[in-house]
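Secondary and tertiary structure notes
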Amino acid sequence: MAEAGKGVTAGKLAVTVQKRLSRAQEKVMQKLGKADETKDVVFEEMVANFNKQMGEGTKLQRDLKAYLAAVKTMHETSRRLQDCLADMYEPEWFGKEEMDAMVEEMIEKEMDNNLEDTDTMWLDFHQNITDSSVPSMDSYLTQFPEIKARIAKRDRKMVDFDSARHHFSSLQKGKKKDEAKIAKPAALLEMAAPSWAQGLLSAHQVAQTNLSYNQAEEELGRAQKIFEELNVELQDQLPVLWDSRVGVYVNTFQSLAGHQEKFHKEMSKLSQNLNDIMTKLEEQRQLKKDGTTATKTIATAKSEDANHSQAATSPTSSASNSSEYELPPGFLYKVKAIHEYAATDGDELELTIGDLVLVLAFDNPDEQDDGWLMGVQESVWIRTKDISSKGVFPENFTQKV
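Let me sum up the structure you'll find in this document.

On to the pairing of strand S2 (residues 356-360). Within S2, four of the five residues are buried, leaving the element largely enclosed by the surrounding structure. In this sheet, S2 lies alongside strand S1 (residues 331-337) in antiparallel orientation, the contact comprising five bridges. When the sheet's bridge partners are listed, Lys336 is paired in S2 with Leu356. Two elements, S2 and strand S3 (residues 372-377), share four bridges in a ladder whose sense is antiparallel. Within S3, the position partnered with Val357 by the bridge is Gln377.

Our next topic: the sheet that holds strand S4 (residues 391-394). The antiparallel open sheet is built from five strands, whose spatial order is S4-S3-S2-S1-S5. With partners counted over all chains shown, the strands left at the sheet margins are S4 and strand S5 (398-400), one partner each. Each strand axis lies, on average, 50 degrees off the axis of its neighbour in the sheet, ignoring direction. Where S1 and S5 come together, three bridges link them in antiparallel fashion.

Below, the discussion takes up the side chain of Glu348. Along the polypeptide, Glu348 turns up in the loop between S1 and S2. Within the buried core, Glu348 has no salt-bridge partner, and the shortest N-O distance to an opposite charge, that of Lys390, equals 16 Å. Separated by 2.8 Å, the side chain of Glu348 and the backbone nitrogen of Thr344 make a polar contact.

The subject of this paragraph is the pattern of salt bridges. Oppositely charged side chains can pair when the atoms bearing their charge come close. All told, the structure shown has eleven salt bridges when counted by the stated rule. The salt bridge partner of Lys52 is Glu56, with a shortest N-O separation of 2.6 Å. Placement of both Lys52 and Glu56 in helix H2 (residues 41-88) is noted, with a separation of four residues, approximately one turn of the helix. Given the relative accessible area of 30%, Glu56 is considered partly exposed. Residue Asp138 is joined to Lys65 by a salt bridge in which the shortest nitrogen-to-oxygen separation is 3.9 Å. You can see Asp138 sitting in helix H4 (residues 133-141) and its partner Lys65 sitting in helix H2, a full 73 residues away along the chain. Its relative accessible area of 41% is what places Lys65 among the partly exposed residues. Residues joined in a network through salt bridges with shared partners are Glu146, Arg150 and Glu233.

Scoring rules and cut-offs
Each residue is numbered by its place in its chain's sequence as written, counting from 1. Where local features are concerned, this predicted model is filtered to residues with pLDDT of at least 70; where side-chain atom pairs are given and counted, the filter is 80 or more; whole-chain, interface and lining totals use all residues. Side-chain numbers here rest on the full set of heavy atoms in the structure, without hydrogens or water. Any residue under 20% of the maximum accessible area for its type is buried, any over 50% is exposed, and the rest in between are partly exposed; the area is computed with a 1.4 Å probe on protein chains only. Strands are runs of DSSP state E lasting at least 2 residues, helices are runs of H or I lasting at least 4, and numbering of each runs from the N terminus. A pair of strands counts as paired when DSSP detects no fewer than two bridges linking them. The axes are straight lines fitted to the C-alpha atoms, using for helices just the contacting stretch, and the angles between their N-to-C directions are given from 0 to 180°. Asp and Glu are treated as the negative residues and Lys and Arg as the positive ones, with His and the ends of the chain left uncounted. Salt bridges are identified by distance alone: a Lys or Arg side-chain nitrogen within 4 Å of an Asp or Glu carboxyl oxygen. The term polar contact refers here to a pair of N or O atoms within 3.5 Å; inside protein, the definition further demands a hydrogen-donor-capable atom paired with an acceptor-capable atom, and it admits residues adjacent in sequence only when both atoms are side-chain atoms.

Here it is as structure tokens:
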């Protein structure tokens, strides 16, 4: 049994080697122009598209994973930056004993929540891309190696078909020559043989020729069948695969864009929260600097700081000194117009360069739009004390004084 197994293995090896030699010989003959080659321009175009599609898909997969690695790196650096901020943000910077403990505790709690939410957002963003975009690309690319192997097999079978076709063609030509020779026996053996044996020799030669011819014909039929089956399957499959690339790209980038939009939208909110916390931190610094009591609101601290600054820079301006007139309710701080602004609505305030405006708190904070302030002209307030003359105006048209 062992010997038989070795024989089978050796036989398969010999057949494989013989096939490779035949293919190599056929390719050499085709390159030298001594044998024609089966050509299919349409199929060659399909293969070119396949190679292009596989290259683009591989590049997209590689770049998508690089983007994912960059997101992870950004998350890690963002976390280190947040940890640094959390470590530096110590209550004793501003004197915990002098500060209102409740306000300070509130700010610290907001800071912790904001940093925790930021970390969660990065984790969710990374996980969403990992769960959706990357697996779809991986699944898309898994079909290419198998199809590529079948294309290579089809190429080999095409060479086998060409080789069998050429072999059969050469036997056809040889058969005609042999038949001509048999018709006119010229060999010494035939001439020396008795007349009754010459017929047997001629029949044997014909039988041998026919046997080789029939074997070559059967081999040609088998090679042609195998090649055409592979060729038809690939001609059906390659166009479908080529058309599928658009859907894959659309799904991949739509999914990625959706996750990016959600991430950046939520991150903008957290960034605004962090900005608000830093504003509160600055208000604490102003409270300590100005020596205000812990019972005063942060808005009052801003008001007094603005009034003291105005008194220091303009001691001769009696109209702008808060000690000489009563401030309107909800006063926060004072600004000066640096650009002219023409009111476009009844609730807006007209501004001229140099106008001083007393900024007021909104009755309903939800009504305040980003970049807009509520205020009343200082000169109007001093003259009329009429709070109804207040209006909104763009913040970037003014600067604090």
